[in-house]
Amino acid sequence: MRRTRRHRRSLRTRLAMLTATAALLATGGALVASTAQGTTTSAREDAAAAEIVDRRWLDERTVDLTVRSPAVGADVPVRVLLPDSYAEAPGRERPVLYLLHGAHDDHTSWTRETDVEEFLADKEVITVMPSAGPTGIPTDWWNFGRGGADYETFQIDEVMELLRAEFHAGPARAVAGVSTGGYGALAFAARRPSAFAAAASYSGILDTTATGMRTVVGAIVAREGQLPAALWGGAVLQWANWSAHNPYRLADRLHGTHLYVSQGSGLPSDDFGNLEGAVLEGTLWSQARKFVARLDALGVPARSHLYRGGTHAWSAWRTEFETSWPTLASGLGLNPAR
């Protein structure tokens, strides 16, 4: 059953990647629209208004929550994975690890596609996998100046308040993500410098205004039936808003954060069954190298793994997550060897 679900999701993921890749190759232009608006202080202050309206335990360690989110304006699913030790000591304060999903996927992807349940079983960490909506871009939507779904406030503020109340979560946090979730991990760490002690990106979009990246982002948004400019506005008139959400532009704010950045070159690839995944991975190659070089120029320490080949797929990301664990664990104050 698990293999069947993975195969079905793999087909959807490949279609999504092919859509974005085709848009990139066919166009290469910019997006259009008008003025910028970031996450508001009042939205953050309203985090306490979020509430859990449903709990569904999948097993003794895994629970799916439905969160009524004022920031998003909807009920949003969140998966929580607890360590083996939780049942014996539920009142113990533990750090939190966020695992963010990619485009056109959902909050179940990490437990569906990887072995995080087994890997994290003996780690003293509460793992949370919140939805970022169908686009998988965890951000505050500009929505033509009217303000829209704010997944940044939802994930960082609302979810954390609920984890404190529900599972006695401590203040230490790390964040990691794949693809658009990799974008979210580095964007969160840069936009909220005190919120996360460690961040890891696996094949993330780390320079949203690099050549071709605006088109990739636009294709992801358009595939979900949304106007691309609804995300952050037009890349010309709303340049300030794009910059305010761009990890590359905010890289100087990453001082003091434990960082891990991985990215494959895509082609040449030894995965002949996923050519479109290799092509998409290749479109992200130059911006990842540019991001790592910027960190180095700024004197921001980071562990990077820029490797030849690879595809934009879980086959690479499973290994990268486990390789990045010492970086994430160090930020969380945990023993990386355990």
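Our subject in this report is the structure included herewith.

Cut-offs used in this document
- Residues numbered from 1 in each chain as written.
- Predicted model: local features only at pLDDT ≥ 70, side-chain atom pairs only at ≥ 80, totals over all residues.
- Heavy atoms only, no water.
- Helix = DSSP H or I, 4+ residues; strand = E, 2+ residues; numbered from the N terminus.
- Buried < 20%, exposed > 50% of the residue type's maximum accessible area, 1.4 Å probe, protein only.
- Core = buried A, V, L, I, M, F, W, Y, C linked by side-chain atoms within 4.5 Å.
- Contact = heavy atoms within 4.5 Å.
- Salt bridge = Lys/Arg side-chain N within 4 Å of Asp/Glu carboxyl O.
- Bend = angle between axes of the 7 residues up to and from the residue.
- Polar contact = N/O pair within 3.5 Å; in protein donor to acceptor, adjacent residues only side chain to side chain.
- Pairing = 2+ DSSP bridges.
- Right-handed = clockwise from strand over helix to strand, strands pointing away.

Time to look at unusual backbone geometry. The phi angle of most residues is negative, glycine excepted, and most peptide bonds adopt the trans form. Although it is not a glycine, F144 adopts a positive phi angle of roughly 60 degrees. Looking at the secondary structure, you find F144 in the loop between β5 (126-130) and α5 (151-167). Phi at S203 is positive, roughly 60 degrees, even though this residue is not glycine. Within the secondary structure, S203 is located in the loop between β7 (198-202) and α7 (213-223). For S203, a relative accessible area of 0% gives the class buried.

This part is about the nonpolar core. Core analysis: the largest hydrophobic core is formed by 64 residues, its most contacted members being V80, Y98, F154, L163, F167, L254 and F291. With 8 residues, α5 is the single largest residue contributor to this core. Not counting the four nearest positions on each side in its chain, F291 is found in contact with L186, L206, P247, Y248, A251, L254 and V261. Grouped together as the second largest cluster of nonpolar side chains are 26 residues, L120, W317, F321 and W325 included.

Going through the model one piece at a time under the given rule, you end up with 19 salt bridges. Linking R112 and D106 is a salt bridge whose minimum nitrogen-to-oxygen distance equals 3.7 Å. Bridged by salt links that share partners, the residues D105, D106, R112, E113 and R318 form one connected network.

Looking now at α5. Of all the bends in α5, the greatest, near 30 degrees, is centred on V159. Counting buried positions along α5 yields 13 of 17 residues, so the element is predominantly enclosed. Two or three places before E152, at the start of α5, stands the capping residue D150, its side-chain oxygen 3.2 Å from that residue's backbone nitrogen.

With that settled, the discussion passes to the pairing of β7. In terms of burial, β7 is largely enclosed, as 5 of its 5 residues are buried. Neither face of β7 is open: one carries A198, A200 and Y202, the other A199 and S201, and all of them are buried. In this sheet, β7 lies alongside strand β6 (residues 169-178) in parallel orientation, the contact comprising 5 bridges. Counterpart to V175 in the pairing with β7 is A199. Once you follow β6 into helix α6 (residues 180-191) and on to β7, the crossover reads as right-handed. By the bridge criterion, 5 bridges tie β7 to strand β8 (residues 258-264) in an arrangement that is parallel. Among the inter-strand pairings, A200 is bridged to a residue of β8, identified as Y260.

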